[in-house]
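Structural characterization, general
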Amino acid sequence: MFIDLRDSKDAFSSAIKVPFFSPLITSSDKNSVLKTLNSSLLTDGPVLRNFEEAFAKFTGTKYAVGVSNATSALHLSLKSLGIGGGDEVIVPNMTFVATINAVILTGATPVIADVNEDLNISSKSVINSITKKTKAILPVHFAGKMCDMNVLTKIARTDNLLIIEDCAHALGSTLHKQHAGSFGDAGCFSFYPTKNITTIEGGMVITNSKKVAERIRVLRNHGIAKSLSQRYNHGKPWDYDITEPGYNYRLDEVRSSLGLNQLKSLTQLNQRRRKAFQYYSDKLKPIIGITPLTQSDSGHACHLYIIRVKKEFGTSRDKLFKKLLMRGIRTSVHYKPLSKFSTYRKYVRVDNKLENSESAYNEILSLPFYPQISKREQDFVIKCIRECNV
């Protein structure tokens, strides 16, 4: 049993035949949440610890720290690694705004780099962006496809730079059987409803550094040096120290129970995504002017299915978006380039031409995609795309 946006009766969705995304919440998920709700400890407790341990094991890292969302995961990772005012952090132009916002929140300067054809950060653009002020590279594993971490880690070693991986799309993504987020100094994950597993809102940081993990644990909880159980099980619960000013970036027990339960099914869910991904690619292949952004492989988490609408198709991306919506199909664009947002102009530095991201932005379209999407739904999407240029 799952919750499906198609069941909504509001005017916004009443005419939609294929939603862009439909969250998958099983009976087992609900039972795990209800069990936790019957507990006397609803935050900073054993379910969170179990989720963190299971997540670290799944990703092959020593430590995992649950936080309120991926934005806080990025923010705390940057802070814990000492990044702040006067530093520069290289980010890709094609990413959600949370990536650059986290850098700005530390006081550091984001430096926008261009991307490759697959929308992952361009190593050439990274090299051209490095200055004496550069402190870190923040690659985003776009749509579930891994960046070339072999090249990026080599660049980082050569220039003594940190790497914080944005893995919001990449739970289950691997390169040479090594999990996303484990190549650099920290990896940051999202559990937003559209992600490969969800806690509704939530995030996780993975790292092999005990020092980084311990500092994030303190910073996520106002800078308090003791956990809730430590405060109430040993001595006076009000007698704690603040080691440094922190934040309320905690991940509670209820959301942790949902994440822990969904993590158990992640491999199966990603297999279903991979099959649906390949089905789209096979069926769209004969349509001239429609090309998939990437090809699926065993290391691809298949978070999004994105096409590029080329001139040869005969209809622009924007017109295709409108025509599909008129047929009851929701699509979207991931993402508007960072360089196009007015507010970032006073914060960022750009030393590169952003030709690839500018070109891609005019062509990319994300199709309906979720683990339980049916072939009937996919066939309808494909049929409508084929008919849109007639």
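Quick note: structure is the one above.
This text gives an overview of the structure that appears in the document. (Residues numbered from 1 in each chain as written. Predicted model: local features only at pLDDT ≥ 70, side-chain atom pairs only at ≥ 80, totals over all residues. Heavy atoms only, no water.)

**Brief notes about a positive patch on the surface**
For clarity, the cut-off: To count toward a patch, a residue needs a relative accessible area over 30% and no salt bridge; like charges are then connected within 9 Å, while nonpolar side chains (Val, Leu, Ile, Met, Phe, Trp, Tyr) are connected within 5 Å. Using a 1.4 Å probe, the Shrake-Rupley method yields the accessible areas, and only the shown protein chains count as cover for residues. Any Lys or Arg side-chain nitrogen located within 4 Å of an Asp or Glu carboxyl oxygen qualifies as a salt bridge. By the counting scheme adopted, Arg and Lys are positive, Glu and Asp are negative, and His together with the chain ends is not counted. Here the site of a charge means atom NZ of a Lys, CZ of an Arg, CG of an Asp or CD of a Glu. Each helix corresponds to a stretch of at least 4 residues labelled H or I by DSSP, and each strand to a stretch of at least 2 residues labelled E; elements are numbered beginning at the N terminus. Any residue under 20% of the maximum accessible area for its type is buried, any over 50% is exposed, and the rest in between are partly exposed; the area is computed with a 1.4 Å probe on protein chains only.
Residues Lys275, Lys283, Lys375 and Arg386 make up a contiguous surface patch of positive charge. Broken down by secondary-structure element, the contributors of at least two residues to the positive patch are helix H10 (266–284) and helix H13 (375–388). A residue is classified by how much of its surface remains accessible, and Lys375, at 53% relative accessible area, is exposed.

**Overview of a nonpolar patch on the surface**
A cluster of nonpolar side chains, Leu34, Leu37 and Leu42, forms an exposed patch at the surface whose accessible area comes to about 270 Å². When you line up the elements, Leu42 lands in the loop between helix H1 (27–37) and helix H2 (46–59). Taking the relative accessible area as the measure of exposure, Leu42 reaches 38% and is therefore partly exposed.

**A short note on the pattern of salt bridges**
Tallied over the full model, the rule gives 13 salt bridges. A salt bridge links Glu88 to Arg349, with the nearest nitrogen and oxygen atoms 2.7 Å apart. Highlighted residues: Glu88 in strand S2 (residues 88–92) and Arg349 in the loop between helix H11 (317–326) and helix H12 (355–361), separated in sequence by 261 residues. Under the relative-accessibility criterion, Glu88 is labelled buried at 8%. Note on Arg349: relative accessible area 17%, which makes it buried. The salt bridge involving Lys310 is made with Glu363; its shortest N-O contact spans 3.2 Å. Of this pair, Lys310 sits in the loop between strand S11 (306–309) and H11 while Glu363 is found in the loop between H12 and strand S12 (364–366), placing the two residues 53 residues apart along the sequence. By relative accessible area, which is 15% here, Glu363 ends up buried. Through salt bridges with shared partners, a single ionic network connects Glu117, Arg308, Lys310 and Glu363.

**Observations concerning the packing of H2 against helix H9 (residues 253–263)**
Just so we agree on the cut-off: All axes here are fitted lines through C-alpha atoms, helices being fitted over the stretch that makes contact, and every angle between N-to-C directions spans 0 to 180 degrees. Each crossing gets its hand from how the near helix is turned against the far one by less than a right angle, where anticlockwise is left-handed and clockwise is right-handed. By definition in these notes, contact holds between two residues if any of their heavy atoms fall within 4.5 Å.
Direction vectors running N to C along H2 and H9 enclose 35°, while the axes themselves pass 8 Å from each other. H9 is crossed by H2, and the crossing has left-handed handedness. For the pair formed by H2 and H9, the contact residues are Pro46, Val47, Leu48, Asn50, Phe51, Ala54, Phe55 and Phe58 on the first element and Glu253, Ser256, Ser257, Gly259, Leu260 and Leu263 on the second.

**Some words on the environment of Gln295**
Mapped onto the secondary structure, Gln295 falls in the loop between strand S10 (290–292) and S11. When sequence neighbours within four positions are dropped, the list of residues in contact with Gln295 reads Phe277, Ser281 and His300.

**A few points about the environment of Asp379**
As for its placement among the helices and strands, Asp379 is situated in helix H13. A sequence separation of 351 residues divides Asp379 from Ser28, and the C-alpha atoms of the two residues are 30 Å apart.

**Topic: the sheet that holds S10**
Basically, it comes down to this: Two strands qualify as a pair provided that DSSP identifies no fewer than 2 bridges between them.
Taken together, the 3 strands give an open sheet; going across it, the order is S10-S11-S12, and neighbouring strands pair in antiparallel fashion. Edge strands, defined here as strands with exactly one partner in the open sheet, are S10 and S12. In this sheet, adjacent strand axes meet at a mean angle of 35° when their direction is disregarded. As defined by bridge partners, S10 adjoins S11 across 3 bridges and the pair is classed as antiparallel. Among the inter-strand pairings, Pro292 is bridged to a residue of S11, identified as Ile307. Along the sheet, H11 contacts S10, S11 and S12; its crossing angle with S12, the most-contacted strand, is approximately 20°.

**With respect to the side chain of Asn270**
Examined against the element boundaries, Asn270 turns out to sit in helix H10. Classification of Asn270 as buried rests on a relative accessible area of 4%.

**A few points about the pairing of strand S1 (residues 63–67)**
The buried fraction of S1 is high, at 4 of 5 residues. Summarising the sheet, S1 and strand S9 (residues 203–207) pair through 5 bridges and their orientation is antiparallel. Along S9, the bridge assignment pairs Val65 with Val205.

**Comments concerning the side chain of Ser227**
Here Ser227 shows up in the loop between helix H7 (210–219) and helix H8 (228–233). If we ignore the near neighbours within four places in the chain, the residues touching Ser227 are Asp44 and Arg49.

**What about unusual backbone geometry?**
Here the residue pair His334 and Tyr335 is connected by a cis peptide bond, since its omega of 0° sits within 30 degrees of zero. Looking at the secondary structure, you find Tyr335 in the loop between H11 and H12. Although it is not a glycine, His222 adopts a positive phi angle of roughly 65°. In this fold, His222 is placed in the loop between H7 and H8. The exposure class of His222 is partly exposed, given its relative accessible area of 35%.

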